[in-house]
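# Descriptive structure summary
Each chain, written out:
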Amino acid sequence: MASVTVKHLWKEYGDQVVLENLNLHVADREFVTIIGASGCGKTTFLRMLLGVEQPTKGQLLIDGEPVPAEPGPDRGIVFQRYSLFPHLSVLDNLMLGLEFSGSRWLGKLFGGRRRAALEKADSLLEAIGLHTARDKYPSQLSGGMQQRLSIAQSVIREPKILLLDEPFGALDPGITADMHEIILRLWQANRMTVFMITHDLKESFQLGTRLLVFDKRRNDPHAPERYGATVTYDIPLKRKKHTMPHATLTPELLRQ
Ligand SMILES: Nc1ncnc2c1ncn2[C@@H]1O[C@H](COP(=O)(O)OP(=O)(O)OP(=O)(O)O)[C@@H](O)[C@H]1O
């Protein structure tokens, strides 16, 4: 379960108002796509959901509780630029998250727990089509493969909320269709609530169950920092079930 409630939320940096009076309720398992002009506070909103930025005023709640003031395994994030460890293999990049959450102090798992983690990582690699690259290093992968691995890294700990900040913006348009299918399968299989920033309107309609447009309702040309953005359009998207790619990635597979 992961519903998100935003009540009278403001975010300011010094004299700059970035977000003003944001009010929103997002139900569990929605796929929210977010578009808006550059600099209007979309990433700031995701960073507050992640827990690395705090609201200046107002409330940001997950399942009715304030967002913890630090990232946790219940929230995963993927950025436009991959955040992989260059000196670790594909498999070890994936294992790292499981090892740290399973053994906080040693950062290593042993015996049956390590075997279970390895099986889980292998299942996920298979599901995203990277199993044949499990022993390669990030520099040996294409951009699309690196981004698939980043996505796998962010979902392996089964977050309730997945935050995607223009995850496909740097990729060749030819491979985004595959990436869309992977993200939709993971969303279905892992039962997550997704927030995805994109600059591609078509993509926002294709993937989302709901589209939010961030913009300023008022503007002072002499003091552009005086007013912040808010949600100016909140559009339910009726993506029909039959247009969803067939989910071959089952919850059972991810939970092995
Ligand atoms: N840590 C910070 N300190 C001061 N100002 C910041 C900080 N983080 C963001 N800002 C400012 O807040 C505003 C919103 O930034 P943000 O990155 O959220 O915009 P965005 O909508 O995601 O933009 P883009 O689409 O270009 O990525 C920008 O003017 C930015 O300079």
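Residues numbered from 1 in each chain as written. Predicted model: local features only at pLDDT ≥ 70, side-chain atom pairs only at ≥ 80, totals over all residues.

## Brief notes about the overall build of the protein chain
- A tally of helices and strands in the protein chain yields seven helices and 10 strands.
- The contacts of the protein chain with a sequence gap of at least 6 include a subset with a gap of at least 24, amounting to 72%. (Helix = DSSP H or I, 4+ residues; strand = E, 2+ residues; numbered from the N terminus. Contact = placed C-beta atoms within 7 Å.)

## A short note on the pairing of strand S1 (residues 4-13)
- Where S1 meets strand S2 (residues 16-26), seven bridges bridge the pair, whose relative direction is antiparallel. Residue Thr5 lies in a different strand from S2, and its bridge partner there is His25.
- Between the antiparallel neighbours S1 and S2 lie two residues, among them Gly14 with a positive phi of about 60°.
- Two strands pair when backbone bridges link them, and S1 and strand S4 (residues 57-62) are joined in this way by five bridges, in the antiparallel orientation. Residue Val4 lies in a different strand from S4, and its bridge partner there is Ile62. (Pairing = 2+ DSSP bridges.)

## Details of the site of the ligand
- Around the ligand, a shell composed of Tyr13, Val18, Gly36, Ser38, Gly39, Cys40, Gly41, Lys42, Thr43 and Thr44 is seen.
- No other element matches the three residues that helix H1 (residues 42-50) contributes to the shell around the ligand.
- Of the residues that constitute the shell around the ligand, the class distribution is three nonpolar, six polar and one charged. (Near = placed C-beta within 6 Å. Nonpolar A, V, L, I, M, F, W, Y, C, P; charged D, E, K, R; others polar.)

## Things to note about the pairing of strand S7 (residues 161-165)
- Of all the five residues making up S7, five are buried; the element is thus mostly covered by neighbouring parts of the structure.
- Along S7, one buried face is formed by Ile161, Leu163 and Asp165 and the opposite face, lined by Leu162 and Leu164, is buried too.
- Summarising the sheet, strand S6 (residues 75-78) and S7 pair through four bridges and their orientation is parallel. The residue of S7 that forms the bridge with Arg75 is Ile161. (Buried ≥ 20, exposed ≤ 12 C-beta atoms within 10 Å, placed from the backbone.)

## Some words on helix H5 (residues 173-190)
- Taking 1.5 Å per residue, 18 residues should reach 26 Å; H5 reaches 26 Å between its end C-alpha atoms and fits that length.
- Along H5, the residues classified as buried are Ile183, Leu184, Leu186, Trp187, Ala189 and Asn190.
- Positive phi shows up at Arg191, right after H5, with a value of about 55°. (Expected span 1.5 Å × (residues − 1).)

## Section: the nonpolar core
- Core analysis: the largest hydrophobic core is formed by 60 residues, its most contacted members being Leu49, Ala152, Val194 and Phe195.
- Ignoring any residue separated from it by four or fewer positions in sequence, one finds Ala152 in contact with Leu94, Leu124, Leu125 and Ile128. (Core = buried A, V, L, I, M, F, W, Y, C linked by C-beta atoms within 7 Å.)

## Describing the packing of helix H4 (residues 143-155) against H5
- Contact geometry of H4 with H5 gives a least axis separation of 11 Å together with a crossing angle of 10°. Taken together, the axes of H4 and H5 lie roughly parallel to each other. On the side of H4, the interface is formed by Gly144, Gln147, Arg148, Ile151 and Val155, while H5 contributes Ile175, Met179, Ile182, Ile183, Leu186 and Asn190.
- Residues of the contact of H4 with H5, tallied by class, amount to seven nonpolar, three polar and one charged. (Axes fitted to C-alpha atoms, helices over the stretch in contact; angles between N-to-C directions. Parallel < 35°, antiparallel > 145°, perpendicular 65-115°, else oblique.)

## So, the confidence of the model for the protein chain
- Across the protein chain, the average pLDDT comes to 88, with 89% of residues at 70 or higher.
- This stretch, residues 241-248, has a pLDDT under 50; its non-local contacts, to residues over four places away or in other chains, come to eight contacts.
- Across the interface, the model reports ipTM at 0.97; the global pTM reads 0.90. (pLDDT = per-residue confidence, 0-100.)

## Topic: the environment of Leu212
- Tracing the backbone shows Leu212 in strand S9 (residues 210-216).
- Accessibility expressed as a C-beta count within 10 Å gives 24 for Leu212, which makes it buried.
- As a C-alpha pair, Leu212 and Asp234 span 22 residues in sequence and 4.7 Å in three-dimensional space.
- Each residue touching Leu212, except ones within four places of it in the same chain, is listed here: Val32, Ile34, Val231 and Asp234.

## A few points about H4
- Spanning 13 residues, H4 covers 19 Å between terminal C-alpha atoms, matching the ideal 18 Å at 1.5 Å per step.
- Across the 13 residues of H4, 10 count as buried, placing the element largely inside the fold.
- Taken as a whole, H4 has its buried residues at Gln146, Gln147, Arg148, Leu149, Ser150, Ile151, Ala152, Gln153, Ser154 and Val155.

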